[in-house]
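Fold and geometry: a report
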Amino acid sequence: WKVIFLLGGILPLGLAMEKSGAATLLSQWLLENLAQFGPRALLGGFFFLAMILTSLISNQATAALLAPIAINFANSIDANPKTFLITIAFAASLNFMTPVYQTNTLILGPGHYRYTDFLKVGIPLNLIMWVVAVIFIPFFWPL
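Please read all numbers here as calculations on a predicted model, not as lab measurements.

Considering the overall build of the protein chain
The number of helices and strands found in the protein chain is seven helices and zero strands. Going from N to C terminus, the protein chain has its helices and strands arranged as α-α-α-α-α-α-α. Evaluated residue by residue, the protein chain yields a buried proportion of 38% over its 143 residues. Within the protein chain, counting contacts between residues at least 6 apart in sequence, those at least 24 apart form 66% of the total.

Right, here's the structure in full:
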């Protein structure tokens, strides 16, 4: 039941971020602050944004929320939209920092884990994957 209620509360949060314009505001902030460093930095910024959002809302909601923004964003900087979509899909699947993901929630109680246990292991793991992805995603899907 915990998983069902968790998902029931997370999906409206993703919709609220879209309707309120918070997601668009975040992407505009990325463009304003990272554009000077080039498209790879923007890709890393989108990866980080998706990685953080998937820790707060579900991975499906994160991908659905950021995909249209990423396409418009990539087109505005003359980059390959597919590269940004792959980045969002990969980042949205990296929910190691919180027990928001369904399988993490399922093991939270029986494993006697605390929220901080996920942070201790998840933050370094997500940071490693962030660096690896920003290096290798453009290698396979050029900007």
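As for the side chain of threonine 83
Inspection of the secondary structure assignment puts threonine 83 in helix H5 (residues 81–92). Among the polar contacts listed, one links the side chain of threonine 83 to the backbone oxygen of tryptophan 141, at a separation of 2.8 Å. In this view, threonine 83 contacts Leu43, Ile137, Trp141, Pro142 and Leu143; residues no more than four positions away in its chain are not counted.

What to know about helix H3 (residues 39–56)
Over its 18 residues, H3 extends 26 Å from the first C-alpha to the last, a length consistent with the 26 Å expected when each residue adds 1.5 Å. Buried within H3 are the following residues: Leu42, Leu43, Gly44, Gly45, Phe46, Phe47, Leu49, Ala50, Met51, Leu53, Thr54 and Ser55.

Side note on the packing of H3 against helix H4 (residues 59–76)
Where H3 contacts H4, the two axes come as close as 9 Å, and the packing angle between them is 155°. Relative to H4, the element H3 lies roughly antiparallel. When you trace H3 past H4, the crossing you get is right-handed. Facing H3, whose interface residues are Leu42, Phe46, Leu49, Ala50, Leu53 and Thr54, H4 presents Asn59, Thr62, Leu65, Leu66, Ile69, Ala70 and Phe73.

Examining the nonpolar core
Membership of the largest hydrophobic core comes to 24 residues, with the highest contact counts inside it found for Phe46, Phe47, Leu66 and Phe84. Broken down by secondary-structure element, the contributors of at least two residues to this core are H3, H4, H5 and helix H7 (115–140). In terms of residue count, the dominant contributor to this core is H3 (eight residues). Once residues within four sequence positions are removed from consideration, phenylalanine 47 is found in contact with Thr87, Phe90, Ala91, Leu94, Met129, Trp130 and Ala133.

What to know about the environment of threonine 87
Along the polypeptide, threonine 87 turns up in helix H5. Residue threonine 87 is classed as buried on the basis of its relative accessible area of 1%. Along the sequence, threonine 87 and phenylalanine 46 sit 41 residues apart, while their C-alpha atoms lie 7.6 Å from each other. Here threonine 87 is in contact with Leu43, Phe47 and Ile137, once residues within four sequence places are set aside. Only 2.8 Å separates the side chain of threonine 87 from the backbone oxygen of threonine 83, close enough to count as a polar contact.

Details of the pattern of salt bridges
It is possible for side chains bearing opposite charge to pair when their charged atoms get close. Throughout the structure, instances matching the rule amount to one salt bridge. A salt bridge links arginine 114 to aspartate 117; the shortest N-O distance between them is 3.7 Å.

Definitions and cut-offs
- Residues numbered from 1 in each chain as written.
- Predicted model: local features only at pLDDT ≥ 70, side-chain atom pairs only at ≥ 80, totals over all residues.
- Heavy atoms only, no water.
- Helix = DSSP H or I, 4+ residues; strand = E, 2+ residues; numbered from the N terminus.
- Buried < 20%, exposed > 50% of the residue type's maximum accessible area, 1.4 Å probe, protein only.
- Contact = heavy atoms within 4.5 Å.
- Polar contact = N/O pair within 3.5 Å; in protein donor to acceptor, adjacent residues only side chain to side chain.
- Expected span 1.5 Å × (residues − 1).
- Axes fitted to C-alpha atoms, helices over the stretch in contact; angles between N-to-C directions.
- Parallel < 35°, antiparallel > 145°, perpendicular 65-115°, else oblique.
- Left-handed = near helix turned anticlockwise from the far one by under 90°.
- Core = buried A, V, L, I, M, F, W, Y, C linked by side-chain atoms within 4.5 Å.
- Salt bridge = Lys/Arg side-chain N within 4 Å of Asp/Glu carboxyl O.

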